[in-house]
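Structure assessment
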Amino acid sequence: KYLNPGEYEDFERVPGIELAEKIILSANELSKKIAIYGGTKEVLEKIATVFTEKYPKIDIVKTVNGFSEKSDLEIAKEIAYECPNVILVALGSPKQELWREKYSYINTKSIMIGVGGTLDVWSGEKERAPEWIRDFHLEWLYRILKEPKRIPRLLSSHPRFIYMVLKRKMTSNYTP
């Protein structure tokens, strides 16, 4: 079902990093198992330290850096073997979405969430945009300005996404 303009008032925007934090907080309260795929070895080590201090009830059962020599299938099987309740996938877009889609059949009992650069923020490697920038929903622009190397990737993936959304809107029965 498509929503008509005016039906959006009841929705709250929740940035990915905040959604991930809520999931981790719940996982801690419920003493759940977490697996993390992505980031560098150093970032994963820092995350393990941060999580141990901040979320002591979480059991980090597997971490795999995003630069592993293993195949994606091998990694998915190794993660599944640990039976995590939550899998944080930090490979960047669109790689993390494609990985989650491709290997969700192996991890059927896990919540898989793409967290992109969230691990870098949680580990202290990178700063999150100031709150006033977030209030204007421009965190993406802040990240581009801080990391111009992201521009080619954005230019290769985002126009296609916009095209797909517009095509869907034009060919659907959506009437505002």
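Structural data are supplied above this passage.
Residues numbered from 1 in each chain as written. Predicted model: local features only at pLDDT ≥ 70, side-chain atom pairs only at ≥ 80, totals over all residues. Heavy atoms only, no water.

Looking at a nonpolar patch on the surface
A cluster of nonpolar side chains, namely Trp132, Phe136, Leu138, Trp140, Leu141 and Leu145, defines an oily patch on the protein surface of about 710 Å² accessible area. By residue number, the principal contributor to the nonpolar patch is helix H7 (residues 139-146), which donates 3 residues. (Patch = residues over 30% accessible without salt bridge, like charges linked within 9 Å, V, L, I, M, F, W, Y side chains within 5 Å. Areas by Shrake-Rupley, 256 points an atom, 1.4 Å probe, with all protein chains shown as cover. Salt bridge = Lys/Arg side-chain N within 4 Å of Asp/Glu carboxyl O. Helix = DSSP H or I, 4+ residues; strand = E, 2+ residues; numbered from the N terminus.)

Some words on helix H3 (residues 72-81)
Every buried residue belonging to H3 is among Ile75, Ala76, Ile79 and Ala80, and all of these are buried. Projected down its long axis, H3 shows its buried positions confined to an angular sector of 135°, all on one face. Residues of H3 that are buried make contact with strand S1 (33-38), strand S2 (59-64), strand S3 (86-90) and helix H4 (95-103). Looking at the residues trailing H3, positive phi occurs at Cys83, about 50°. (Buried < 20%, exposed > 50% of the residue type's maximum accessible area, 1.4 Å probe, protein only. Arc of directions from axis to C-beta. Contact = heavy atoms within 4.5 Å.)

Some points on the side chain of Ser123
Tracing the backbone through its elements, the reader meets Ser123 in helix H5 (residues 118-123). Leaving out residues up to four positions away in the same chain, Ser123 has contacts with Val43, Lys46 and Ile47.

Observations regarding unusual backbone geometry
A negative phi angle is the norm for most residues apart from glycine, just as the trans form is the norm for most peptide bonds. Of note in the backbone geometry, Cys83 takes a positive phi value of approximately 50° without being a glycine. Tracing the chain through its elements places Cys83 in the loop between H3 and S3. With a phi angle near 60°, His137 is a residue other than glycine that sits in the positive phi range. Following the sequence through the fold, His137 ends up in the loop between helix H6 (131-135) and H7.

Thoughts on the sheet that holds S1
Reading across the sheet, the 4 strands line up as S2-S1-S3-S4 and stay open at both edges, with parallel pairing between neighbours. The sheet terminates laterally at S2 and strand S4 (111-114), the two strands that pair on one side only. Each adjacent strand pair in this sheet contributes to an overall mean axis angle of 15°, direction not counted. Two strands pair when backbone bridges link them, and S3 and S4 are joined in this way by 4 bridges, in the parallel orientation. By the bridge assignment for S4, Ile87 is matched with Met112. Docked against the sheet, helix H2 (residues 41-54) engages S1, S2 and S3, running at close to 170° with respect to S2. (Pairing = 2+ DSSP bridges. Axes fitted to C-alpha atoms, helices over the stretch in contact; angles between N-to-C directions.)

All we've got here are geometric facts, nothing functional implied.
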